[in-house]
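Chain residues, written in single-letter form:
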Amino acid sequence: MADAKVIPFGDEPRSRRGAGSARAGAHKRGGARKSGSAGALAPVPQQRTASAEDGPQEPAEQPQEQGDGWERRIAGGLAFLRRRLTGDYEVDEFGYDEELTDQVLMSMLRPLYEKYFRVEVKGIENVPAEGGALIVANHSGTLPLDGLMLQAAVHDEHPAGRHLRLLAADLVFVLPVVNELARKAGHTLACAEDAQALLERGELVGVMPEGFKGIGKPFSERYKLQRFGRGGFVSTAMRAGAPIVPCSIVGAEEIYPMVGNSRTLARVLGLPYFPITPTFPWLGPLGAVPLPTKWTIQFGEPIETKDYPADAAEDPMLMFNLTDQVREQIQHTLYKLLVQRRSVFF
């Protein structure tokens, strides 16, 4: 079988077929195997000749199949560019461009998701296959990469390939370039009106109630959840009758260990904080490269809201209790995942 692997790259099959024919003639003549030509025939057994003739037939179609695959990719890419240039694509009222997200933005995030942070997803079955739902997650990491990884996890790991519409802070929509990309990726302003409209339309909505308090907290307070606000996300889910899915993310806290905060620079630049890490700003742009930590994202069991009465969203005590329930479930799962984690990087 080792000889068969090299057959397609040379002229050896023709010489072996000739040897096989000569040997067949010698066998009919009888006694010819002892002649001077027997030495040339002896090293080539009959079984080898058969495999040499049959071997090239299977891989012969592979180059054609590979060529067809590349042709389909090129044709698909050209069709995509044609639609972009002619404006033949759809964008919803929030600016979400599903085709661009699937074809370009997710492809850009995927190497970071699969190869760099090596995200492991648990409990994806707790995310509904259809209908609206509110995914509530912890927020950390100095830069909001955890939101993007959460979006990629839902898109790539869910059997239905669902899209997550993230609620983002005002700052996101005043930054040049970032504003446009966020809109195209399906992000929208973190307000009750937009969130409720998306939920009632059957979309998956993601919210990180800690906000800047979560991503801007010092490294010494990692994995300690900050305050979840006044429970606005709970009342929004309740008005829409959508379940709340708690989500815990481990690994983001260590990508930029924040050991200090320059409040003066933050005020000058109009930022909520200016992080100081072991590498930034000391190493310049190189210090902005995140550490390659190993991530785990776990989705908890949904908390149903549709069984509450119509006026339940106006009860502040009920909102407080449900908000605390979601927060405690996320915190408990974080501690459990940290106990199970063997290493920050592996």
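Where an unreviewed UniProt entry is consulted, the protein appears under the name Lysophospholipid acyltransferase family protein, with the organism given as Streptomyces cremeus.

Draft legend 1. Fine view of the environment of Met 238. By the element assignment, Met 238 lies in helix 10 (residues 232-240). The exposure class assigned to Met 238 is buried, which follows from its relative accessible area of 9%. Along the backbone, Met 238 and Thr 305 are 67 residues apart, and their C-alpha atoms lie at a distance of 5.3 Å. Excluding its chain neighbours within four sequence positions, the residues that come into contact with Met 238 are Thr 305, Tyr 308, Ala 312, Ala 313, Leu 318, Met 319 and Leu 322.

Draft legend 2. Summary view of the packing of aromatic side chains. All told, the structure shown has four aromatic pairs when counted by the stated rule. Here Tyr 116 and Phe 117 contribute two aromatic rings whose centre-to-centre distance is 5.2 Å and whose plane-to-plane angle is 75°, an arrangement assigned as edge-to-face. Judged by its relative accessible area of 26%, Tyr 116 is partly exposed. Geometrically, the ring pair formed by Phe 117 and Trp 295 is stacked, given 4.6 Å between the ring centres and 25° between the ring planes. Taken together, the positions of Phe 117 in the loop between helix 5 (98-116) and strand 1 (120-122) and Trp 295 in the loop between strand 8 (275-276) and strand 9 (296-299) put the pair 178 residues apart, joining distant regions of the chain. The same class applies to Phe 117 as to Trp 295, namely buried. Three or more aromatic residues joined by ring pairs make a cluster, and in this case those are Tyr 116, Phe 117 and Trp 295. Above the ring of Tyr 89, the side-chain terminus of Arg 84 is found at 3.6 Å from the ring centroid. Residue placement shows Arg 183 over the ring face of Phe 173; its charged tip is 4.4 Å from the ring centre.

Draft legend 3. Highlighting the pairing of strand 6 (residues 244-250). Of all seven residues that make up strand 6, seven are buried, and the element is covered over most of its length. Burial along strand 6 is two-sided: Ile 244, Pro 246, Ser 248 and Val 250 facing one way and Val 245, Cys 247 and Ile 249 facing the other are all buried. The pairing of strand 2 (residues 133-137) with strand 6 spans four bridges and is classified as parallel. From the neighbouring strand, Leu 134 faces strand 6, where its bridge partner is Ile 244. Bridge count for strand 6 against strand 9 is four bridges, and the pairing is antiparallel. Bridge pairing in strand 9 places Ile 249 opposite Ile 297.

Draft legend 4. Inspection of a nonpolar patch on the surface at higher detail. A surface patch of nonpolar side chains, amounting to about 600 Å² of accessible area, comprises Trp 70, Ile 74, Leu 78, Leu 81 and Leu 85. Its place among the elements puts Leu 85 in helix 4 (residues 62-86).

Cut-offs and rules
Residues numbered from 1 in each chain as written. Predicted model: local features only at pLDDT ≥ 70, side-chain atom pairs only at ≥ 80, totals over all residues. Heavy atoms only, no water. Helix = DSSP H or I, 4+ residues; strand = E, 2+ residues; numbered from the N terminus. Buried < 20%, exposed > 50% of the residue type's maximum accessible area, 1.4 Å probe, protein only. Contact = heavy atoms within 4.5 Å. Phe/Tyr/Trp six-rings, centres within 6.5 Å; stacked < 30°, edge-to-face > 60°. Lys NZ or Arg CZ within 6 Å of the ring centre and 35° of its normal. Pairing = 2+ DSSP bridges. Patch = residues over 30% accessible without salt bridge, like charges linked within 9 Å, V, L, I, M, F, W, Y side chains within 5 Å. Areas by Shrake-Rupley, 256 points an atom, 1.4 Å probe, with all protein chains shown as cover. Salt bridge = Lys/Arg side-chain N within 4 Å of Asp/Glu carboxyl O.

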